[in-house]
Amino acid sequence: MPMNMEFKRKLPAPRTVKDMYPVTEEMAQNKRENDRQIQAVITGGDPRLMLLIGPCSADREDAVLEYAARLRTLQEQVKDKLLLVPRIYSNKPRTTGDGYKGMLHQPDPNGQPDMLKGLIAIRKMHMKVLEQTGFSSADELLYPENYYYLSDILSYAAIGARSVEDQQHRLIASGLDVPVGMKNPTSGDLSVMMNSILAAQHAHTFLFSQWEVHSKGNPLAHAILRGSVNKYGRSLPNYHYEDLRQLYELYAGSGLKNPAVIIDTNHSNSGKQWDQQGRIAKEVLHSTRHSGDIHRMVKGLMIESYLLDGNQLVRVKRYPGTKDSEGKVAFGIEEADNPFEYDAMGNLVYDGQNQLKISYDFLNLPEKIAPAGTRISYTDSTGQTYN
């Protein structure tokens, strides 16, 4: 075959994997109830605020299950005002193509890519969350053809800033029966996002997995505001009152069904400073109190959160026989030497095998590579430099 690719093996069809790892009737019933509640929030039938909350990357099953269990306890405490949906992202887009791409690619973060093991690992992880906590989760629709391996256990899908202009993502979204959030592109052009929502809400005929298919349109497709990056690589937020007002006006003139927006409190809205998310959430809620239009349009927040502060990637260690101060299973930072280290964005910053350190500029592009013993600088997304 005249292509610059090696065809390693043919993977089993989604139906085959679902038959290998089937959901129980109780799990299916929980998902139907979760679907009903989430859809009611998007359509305005449920006044609660939805929180799509969880780690940047679901890198290991035990930590994800512990986090989801803690969310279940919290859900019972806030059920009158908030609807929690675990954000369990099993694959990650990479700006340059390099770096950890998520559990789908590497079920072992330190191992080699194995897509078959990855498909099975992410299905089993989502299933265990559903079985043990009753939550059916949100995941990113990074690879549209992979959604159907998880379609019976997910209740929400998100399309990221780099995928939102892609035709196939829009067409697949039009054929899903769960809410799909469309992020604004990194450029910040809201018209791109609105066109994506329009495409997703319409019916289409297209080619999918060697089939000619016809979608019926997804009236639950909606906006996610995540901020933007200007031509100098600086983060520009779009969660302020004026931004929400502008989005409302775009919705009002669009004819789209179920005008709704989720505010992503991280990424370019926070300048990738995770500790600013609480402040951003408060400002968004303040805006909803000053405008009935904005109050009706804002359906929830997307928040990055995990068991420990900062980057968790390949560093979270479980201590089964140890409890923390609240009596919960203890997690901590892995103390053993690791040949690879990543920053909070999943970029490789230390390669122990080759004794290299890598720094990145505020465009998230590799800036400098140096021997591990050399002092180098790291420039974060806000332009602040660390030595």
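Residues numbered from 1 in each chain as written. Predicted model: local features only at pLDDT ≥ 70, side-chain atom pairs only at ≥ 80, totals over all residues. Heavy atoms only, no water.

Caption draft 1: Inspection of the overall build of the protein chain at higher detail. Looking only at helices and strands, one finds nine helices and 20 strands in the protein chain. Considering the protein chain as a whole, with its 387 residues, one finds that 51% of them fall into the buried category. Long-range contacts, defined here as pairs at least 24 residues apart, represent 63% of the contacts in the protein chain between residues at least 6 apart. Approximately 18,800 Å² of the protein chain is accessible, and the part contributed by carbon and sulfur atoms is 51%. (Helix = DSSP H or I, 4+ residues; strand = E, 2+ residues; numbered from the N terminus. Buried < 20%, exposed > 50% of the residue type's maximum accessible area, 1.4 Å probe, protein only. Contact = heavy atoms within 4.5 Å. Areas by Shrake-Rupley, 256 points an atom, 1.4 Å probe, with all protein chains shown as cover.)

Caption draft 2: Local environment of helix α7 (residues 241-252). Taking 1.5 Å of rise per residue, the 12 residues of α7 would be expected to cover 16 Å, and the 16 Å separating its terminal C-alpha atoms lies within 8% of that figure. Buried within α7 we find Asp243, Leu244, Leu247 and Tyr251. Seen from one end, α7 has its buried residues packed into an arc of 95°, which puts them on one side. Across from the buried face of α7, at angles greater than 90 degrees, the exposed residues are Glu242 and Ala252. Next to the buried residues of α7 lie α6 (190-201), β8 (222-225), β11 (261-264), α8 (277-290), α9 (292-297) and β12 (298-304). (Expected span 1.5 Å × (residues − 1). Arc of directions from axis to C-beta.)

Caption draft 3: Representation of the environment of Met125 in the model. Its location among the elements puts Met125 in helix α4 (residues 115-133). Separated by 67 residues in the primary sequence, Met125 and Ala58 have C-alpha atoms spaced 9.3 Å apart. Among residues more than four places away in sequence, those in contact with Met125 are Ala58, Glu61, Val64, Leu65, Ile88, Ser90 and Met103.

Caption draft 4: Local environment of the packing of α6 against α7. With their axes 11 Å apart at the nearest point, α6 and α7 run at an angle of 40° to one another. Classified by the angle between their axes, α6 and α7 sit oblique to one another. Taken as a pair, α6 and α7 cross one another with a handedness that is right-handed. Taken together, the residues of α7 that come into contact with α6 (itself represented by Leu190, Met193, Met194 and Ile197) are Gln246, Leu247, Leu250 and Tyr251. Of the residues that constitute the contact of α6 with α7, the class distribution is seven nonpolar, one polar and no charged. (Axes fitted to C-alpha atoms, helices over the stretch in contact; angles between N-to-C directions. Parallel < 35°, antiparallel > 145°, perpendicular 65-115°, else oblique. Left-handed = near helix turned anticlockwise from the far one by under 90°. Nonpolar A, V, L, I, M, F, W, Y, C, P; charged D, E, K, R; others polar.)

Caption draft 5: Region of the structure containing the nonpolar core. Ranked by internal contacts, the top residues of the largest apolar core, which has 69 residues, are Met182, Met193, Ile197 and Leu247. Ranked by residues supplied to this core, first place goes to α4 with seven residues. Ignoring any residue separated from it by four or fewer positions in sequence, one finds Met193 in contact with Met182, Lys183, Asn184, Pro185, Ala223, Ile224, Leu225 and Leu247. Ranked by size, the runner-up nonpolar core spans 16 residues in total, among them Val41, Leu83, Ile224 and Met302. (Core = buried A, V, L, I, M, F, W, Y, C linked by side-chain atoms within 4.5 Å.)

Caption draft 6: Expanded view of the sheet that holds strand β3 (residues 137-140). What the eight strands build is an open sheet, ordered β2-β1-β12-β11-β8-β5-β4-β3; its pairing is parallel. Pairing within the sheet leaves two strands with one partner each, and these edge strands are β2 (82-86) and β3. Direction aside, the axes of adjacent strands within the sheet are offset by 25° on average. When β8 meets β11, the two strands line up parallel, connected through three bridges. Bridged to Ile224 within β11 is Ile262. Across the face of the sheet, helix α2 (residues 25-43) comes into contact with β1 (49-54), β2, β4 (154-159), β8 and β12 while running at roughly 45° to β4. Those strands touched by α7 are β8, β11 and β12, and its axis lies near 160° from that of β8. (Pairing = 2+ DSSP bridges.)

Caption draft 7: View of the side chain of Gln277. By secondary structure assignment, the location of Gln277 is in helix α8. A distance of 3.0 Å separates a polar atom in the side chain of Gln277 from a polar atom in the side chain of Thr265. With residues near it in sequence (within four places) discarded, Gln277 still touches Thr265, Asn266, Met302, Ile303 and Glu304. (Polar contact = N/O pair within 3.5 Å; in protein donor to acceptor, adjacent residues only side chain to side chain.)

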